[in-house]
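Structure at a glance
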Amino acid sequence: MTEEKDKQFGEVLESLKDVPGPVMMAMQKAQEIYGYLPIEVQLRIADYFGVPLATVYGIATFYSQFRLEQPGQIKIAVCLGTACYVKGSGGVIEKFGRMLGVEPGHTTPDGRFTLEATRCIGCCGLAPVLTVNGEVYGKVTEDSVDEIMAKYNNA
Amino acid sequence: MKNINLTVNGVPVTVPEGTRILDAAIKAGFKVPTLCYMKDLCNESSCRVCVVEIKGNRKLMTACSTVVSEGMEVLTNTPKVRASRKITLELMLSNHHKECLSCVRSGNCELQTLANEYGCDAEKYEGAMNSYDVDDATEYLVRDNNKCILCRRCVAACNKVQTVGVIDAGNRGFATRIASPFEKDLGGVPCVACGQCINVCPTGALREKDSIKAVEKLLADPEKTVIVGTAPSVRAALGEEFGYPIGTDTEGRMVAALKAIGFDKVFDVDMAADMTIMEEGTEFISRLNDKNAVLPMITSCSAGWVRFIEFNYPELLPHLSTCKSPQQMFGAIMKTYYAKKIGVAPENIAVVTVMPCIAKKFEKLRDDECAAGAGIPDIDESITTRELARMIKNYGINFNALDPKTEFDNPIGKGSTAGLIFGATGGVMEAALRTVAETVTGETLENIDFKATRGTKGIKEATITLAGKQINICVASGLANARKIMDDIKAGKSKYHFIEIMACPGGCVNGGGQPIVSSEKRNLVDVAKTRAGVLYKKDKKDALRKSHDNPVVNTLYGDYFEKPNSHVAHKTLHTSYVKRNRY
Ligand code: SF4
Ligand code: SF4
Ligand code: SF4
Ligand code: FES
Ligand code: FES
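1. Concerning the domain arrangement of chain A
- By domain assignment, chain A separates into domain 1 (2-62) and domain 2 (74-154).
- On a C-alpha basis, the centres of domain 1 of chain A and domain 2 of chain A stand 29 Å from each other.

2. Examining the environment of Val294 of chain B
All names here are of chain B.
- Inspection of the secondary structure puts Val294 in the loop between helix H8 (270-288) and strand S12 (297-298).
- Each C-alpha atom, one on Val294 and one on Arg307, is 20 Å from the other, the two residues being 13 residues apart in sequence.
- If sequence neighbours within four positions are ignored, Val294 has contacts with Arg287, Pro318 and His319.

3. Some words on the domain arrangement of chain B
Residue and element names in this part refer to chain B.
- Splitting chain B by domain gives domain 1 (3-77), domain 2 (93-208) and domain 3 (213-573).
- Here domain 2 and domain 3 have C-alpha centroids that lie 30 Å from each other.
- Between domain 2 and domain 3, the contact holds 24 residues from the first and 30 residues from the second.
- Interface of domain 2 and domain 3: buried area, both sides summed, is about 2,200 Å²; carbon and sulfur atoms make up 54% of it.
- The largest contributions to the domain 2 side of the interface with domain 3 come from Val192, Asn199 and Glu208, which together make up 28% of the buried area.
- The partner of Arg386 in a salt bridge is Glu208, and the shortest N-O contact between them spans 3.1 Å.

4. What to know about the sheet that holds strand S16 (residues 469-477) of chain B
Residue and element names in this part refer to chain B.
- As summarised here, the arrangement of the four strands in space is S12-S17-S16-S15, forming an open sheet in which the pairing is mixed. Two strands bound the open sheet, and with one partner strand each, they are S12 and strand S15 (459-466).
- The pairing of S12 with strand S17 (residues 498-502) spans two bridges and is classified as parallel. In the strand pairing of S17, Met297 is matched with Phe498.
- Relative to S17, helix H14 (residues 427-441) is tilted by about 150°, and along the sheet it contacts S15, S16 and S17.

5. With respect to the site of ligand 2
- Around ligand 2, the neighbouring residues are Leu141, Cys158, Val164, Val166, Cys191, Val192, Ala193, Cys194, Gly195 and Cys197 of chain B.
- Of the residues in the shell around ligand 2, the class split is nine nonpolar, one polar and no charged.

6. Thoughts on the side chain of Arg307 of chain B
All names here are of chain B.
- In this fold, Arg307 is placed in helix H9 (residues 303-312).
- No salt bridge is formed by the buried Arg307, whose closest oppositely charged neighbour, Glu310, lies at an N-O distance of 6.1 Å.
- Among residues more than four places away in sequence, those in contact with Arg307 are Tyr140, Cys191, Val192, Ala193, Phe362 and Arg580.

7. A word on the interface of chain A and chain B
- Facing 16 residues of chain A, the contacting portion of chain B comprises 18 residues.
- For the pair chain A and chain B, the two sides together bury roughly 1,300 Å², of which 62% comes from carbon and sulfur.
- Of all residues in chain A, Ala54, Tyr57 and Phe62 of chain A give up the largest surface area on contact with chain B, accounting jointly for 40% of the area buried on that side.
- In this structure, the connection of chain A to chain B is made through one salt bridge.
- Here Arg582 of chain B ties to Asp47 of chain A by a salt bridge, and the two come within 2.5 Å at their closest N and O atoms.
- Where chain A packs against chain B, one counts six residue pairs in polar contact (both at pLDDT 80 or more).
- Elements that contribute at least two residues to the side of chain A that touches chain B include exactly helix H3 (39-49) and helix H4 (53-62) of chain A.
- Among the elements that take part in the side of chain A that touches chain B, H4 of chain A stands out by supplying seven residues, more than any other.

8. Some points on the pairing of strand S1 (residues 3-8) of chain B
Residue and element names in this part refer to chain B.
- Of the two faces of S1, the one holding Ile4, Leu6 and Val8 is buried and the one holding Asn3, Asn5 and Thr7 is not buried anywhere.
- By the bridge criterion, six bridges tie S1 to strand S2 (residues 11-16) in an arrangement that is antiparallel. What sits directly across from Leu6, in S2, is Val13.
- Hairpin connection from S1 to S2: two residues lie between these consecutive antiparallel strands, with Asn9 at a positive phi of about 50°.

9. A look at the sheet that holds strand S14 (residues 381-384) of chain B
All names here are of chain B.
- The strand order across the open sheet formed by four strands is S11-S10-S13-S14, and the pairing between neighbours is parallel. Only two strands of the sheet have a single neighbouring strand rather than two, namely strand S11 (265-268) and S14. Neighbour-to-neighbour, the strand axes of this sheet turn through a mean angle of 25°, independent of strand direction.

Scoring rules and cut-offs
Residues numbered from 1 in each chain as written. Chains lettered and ligands numbered in written order. Predicted model: local features only at pLDDT ≥ 70, side-chain atom pairs only at ≥ 80, totals over all residues. Heavy atoms only, no water. Domains from an automatic or database assignment. Helix = DSSP H or I, 4+ residues; strand = E, 2+ residues; numbered from the N terminus. Contact = heavy atoms within 4.5 Å. Buried area = accessible area lost by both parts, 1.4 Å probe. Salt bridge = Lys/Arg side-chain N within 4 Å of Asp/Glu carboxyl O. Pairing = 2+ DSSP bridges. Axes fitted to C-alpha atoms, helices over the stretch in contact; angles between N-to-C directions. Near = heavy atom within 4 Å. Nonpolar A, V, L, I, M, F, W, Y, C, P; charged D, E, K, R; others polar. Buried < 20%, exposed > 50% of the residue type's maximum accessible area, 1.4 Å probe, protein only. Lys, Arg positive; Asp, Glu negative; His and termini not counted. Polar contact = N/O pair within 3.5 Å; in protein donor to acceptor, adjacent residues only side chain to side chain.

Dropping the structure here:
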């Protein structure tokens, strides 16, 4: 499985050989293939294009789109777009963080939950909005955090 | 090239097209502060402390990145400019752990100096302050991001000059900080301990790991005979810490200061450099005469370079000379030959070195560097030139009042000036050629100046004739240059027989443990070249200019080491290397 991904990614690298500014593109492709950017993959990108690993890692931490850990089975993505934010999504994501014991962008040690902050997902009418594995929850409050957690913890 | 006429604060100047406003201002007699810019290194235009006014332009412009144009009227010190710089500095200070009273860089910190010159109120803006753990995981380098102003000079030194690339800026906004991949500490990444990042940092965010306390403990131990040795390039820079201009030779005062501190013996590591030449020269000749030997042979004196090859080109390790570095040979000689001579058990001898380098703090901990037996390291402690200066100040020694003619202790203290020029890029090669040429031909050379190896160019090469054989030599300093040489060897394209590599650009005179020179001074002085001048000047007029003519060397072989590359020499003065994983 990984071998197959490694091979596929090798082809991607090959195809980016003569493209200007290939590092970002390689990182995006890598995330599509692996779901996140483990150190081995970042090192491969760094060595392939002759840039320091520290620089690749710097880019990975600069843009929130990149994930450094394997995503959990259940992905909770809270919208922090303007409409949602004014209606209190900040408090919602904080509460998830407290309950799961992880910062946004990270996965719980048992590999079950990943908490993420997203930009506007185009459902501003339902603000504040979050998704759990793609399923949309609208008009959420800090109280609904308990309900959602209860639902998935029992699942 | 076309010339451009402009005025700076009303003073007319003419400069070549493409000149930065900064350099035009210097020419006109004005100073423009720079915190991120450093000549030939870093030009991120991120700090905005160098802003100036340009007539007809409403926006302030950065002098470090804006180039001059015809008729430009630059104003570097208007109220608007000074106010802007002051606010910039005060904002930096608002997120800075201000520990000036105890900070190693106090008095020599570019941020502190400017805050003072611009009359900043350090507490003007109150707000959130970052708080980072100090990274002191390694034996040689301490990173304290709480004092980092994100100028990125260290990033340029590590990534561009050295192509080591273990640090870069990450995260964004207020959370931006310099870090290593995956938040590893510097012990978990292939940092080579060159210390070049320290030398360019404007603040106290980077410094060497302190070894002064450990040295004081040795000095206080009545059981120990404490011997100190100084590397060639220390004497060429130490004076800067006491107000002497760059390029002042302070050998005598340095020796006097070490005696005043209380070391039992003060010796010159140049003597061990001479031994390195004997061993390395002989190794080279035998490789040259052996069809199956690995060539090119590469020098192994630079501890940062050795770490670099171990991490990045482990398959090429057989190219490395097996000779220990002069520091390690020095310690090995002290704890074997000299211990026997003075009748003291090696356990009761402590060897301290003063080095222009922080990698030496790592090197002394390597495996296979215990000539006198397991558990008896060749070197006990190694301090930098900067640390020695701190000790001299702390001991209340008036450096200026010391006798400049003080000499190293005898009988084995003295080195030749072949050993002395080890401190500059090309020096090891020149010293080796002096000895190798005379050994191979059996004749005394008329001219022993090998000028092709001199100068601060990153890669130098020459072809010399030795007993009818053409020998291609190469000298590289700075690891970006070393990488080019290594890539050629790897690709089978290298035409060299003998290569000298130093991790630091310009060699040890510009080592990571040397006095720190501000960006302001670097605009005016070529630091490596000026310090190297001290060594070559001394070499020019000295009577003892060849390692194999040094009576100390002859005594050492006569009394103990038999001949170069003998069994006992191998056991004591040579070492081995390991493959290291990068991540
Ligand atoms: S880095 Fe400079 S300003 Fe900061 S505490 Fe040290 S001396 Fe003071
Ligand atoms: S010591 Fe050298 S290799 Fe290590 S971080 Fe600093 S510049 Fe990079
Ligand atoms: S550690 Fe020093 S050189 Fe590096 S970015 Fe911070 S202030 Fe600049
Ligand atoms: S801002 Fe949250 S969906 Fe648009
Ligand atoms: S922006 Fe010019 S020195 Fe920093």
